[in-house]
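Commentary on secondary and tertiary structure
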Amino acid sequence: MVHHYLAPCQSHRHVILSSLAAYTVEHHDVRGNSVTFATLLGIAYGLLHIVGPDHLGTLISLSAAAAPRKAFFVGAAWSLGHCAGMVFVAIVAVVLEKATHVDVEAWEHIGDYVIG
């Protein structure tokens, strides 16, 4: 059994996501459709992810001195690049898990400490 110790900045996200998952399972019958549940949880996490202080700080730094139109396009380009990177890493993780039977939860536990 892997014990998850969350960094302070991650603990509020974990509480919100756990609450959302419990609410979704309790009030909507998505248990039989894991794709729907994963999609809903992924959207919720994505919305929480974008308001993290590191992301807001990056976007403010990149677009503070720009005109509004240019700031929008800089933010959109950064967001699309960030999203593409996350999708790539997710695909690699899924392929590695299936091909090598890697314990993803153990790596997640280690990653929480490395990333912070």
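We now turn to the structure provided with this report. Keep in mind that this is a model prediction, so the values were computed, not measured.

Quantified by volume, the second largest pocket comes out at close to 260 Å³. Together, 13 residues line the second largest pocket, and H49, I50, H82, C83 and M86 are the ones closest to its centre. Listed by contribution, the elements that provide at least two residues to the lining of the second largest pocket are α2 (34-50), α3 (53-63) and α4 (68-100). At eight residues, the largest contribution of residues to the lining of the second largest pocket is made by α4. By residue class, the composition of the lining of the second largest pocket is eight nonpolar, five polar and no charged.

What follows concerns a nonpolar patch on the surface. On the surface, a cluster of nonpolar side chains totalling about 570 Å² of accessible area is made up of I43, L47, I50, V51, L56 and I60. Counting residues per element, the ones that place at least two in the nonpolar patch are α2 and α3. It is α2 that contributes the most residues to the nonpolar patch, three residues altogether. Along the polypeptide, I43 turns up in helix α2.

Further remarks concern a negative patch on the surface. Residues E97, D103, E105 and E108 make up a contiguous surface patch of negative charge. In this fold, E108 is placed in helix α5 (residues 104-115).

Moving on: the packing of aromatic side chains. Counting across every chain of the model gives one aromatic pair. A centroid spacing of 5.3 Å and a plane angle of 75 degrees characterise the contact between F72 and F73, whose relative ring orientation is edge-to-face. What makes F72 exposed here is its relative accessible area of 55%.

For the pair α3 and α4, the least separation of the axes is 9 Å and the interaxial angle reads 140 degrees. In terms of axis orientation, α3 runs oblique to α4. Read as a crossing pair, α3 and α4 show a hand that is right-handed. Judged by residue contacts, H55, T58, L59, L62 and S63 of α3 engage A71, V74, G75, W78 and H82 from α4.

This part is about α4. For α4, spanning 33 residues, the distance from its first C-alpha to its last is 47 Å, which sits close to the expected 48 Å at 1.5 Å a residue. After α4 finishes, the residue H101 shows a positive phi value of roughly 55 degrees.

Quick notes on the rules
Residues numbered from 1 in each chain as written. Predicted model: local features only at pLDDT ≥ 70, side-chain atom pairs only at ≥ 80, totals over all residues. Heavy atoms only, no water. 1 Å grid on protein atoms, 1.4 Å probe; cavity = no way out; pocket = protein on both sides within 12 Å on 5 of 7 lines; lining within 4 Å. Points joined across faces, edges and corners; volume = space filled by probe spheres on them. Helix = DSSP H or I, 4+ residues; strand = E, 2+ residues; numbered from the N terminus. Nonpolar A, V, L, I, M, F, W, Y, C, P; charged D, E, K, R; others polar. Patch = residues over 30% accessible without salt bridge, like charges linked within 9 Å, V, L, I, M, F, W, Y side chains within 5 Å. Areas by Shrake-Rupley, 256 points an atom, 1.4 Å probe, with all protein chains shown as cover. Salt bridge = Lys/Arg side-chain N within 4 Å of Asp/Glu carboxyl O. Lys, Arg positive; Asp, Glu negative; His and termini not counted. Charge placed at Lys NZ, Arg CZ, Asp CG, Glu CD. Phe/Tyr/Trp six-rings, centres within 6.5 Å; stacked < 30°, edge-to-face > 60°. Buried < 20%, exposed > 50% of the residue type's maximum accessible area, 1.4 Å probe, protein only. Axes fitted to C-alpha atoms, helices over the stretch in contact; angles between N-to-C directions. Parallel < 35°, antiparallel > 145°, perpendicular 65-115°, else oblique. Left-handed = near helix turned anticlockwise from the far one by under 90°. Contact = heavy atoms within 4.5 Å. Expected span 1.5 Å × (residues − 1).

All quantities given are derived from atomic positions and should not be read as evidence of function.
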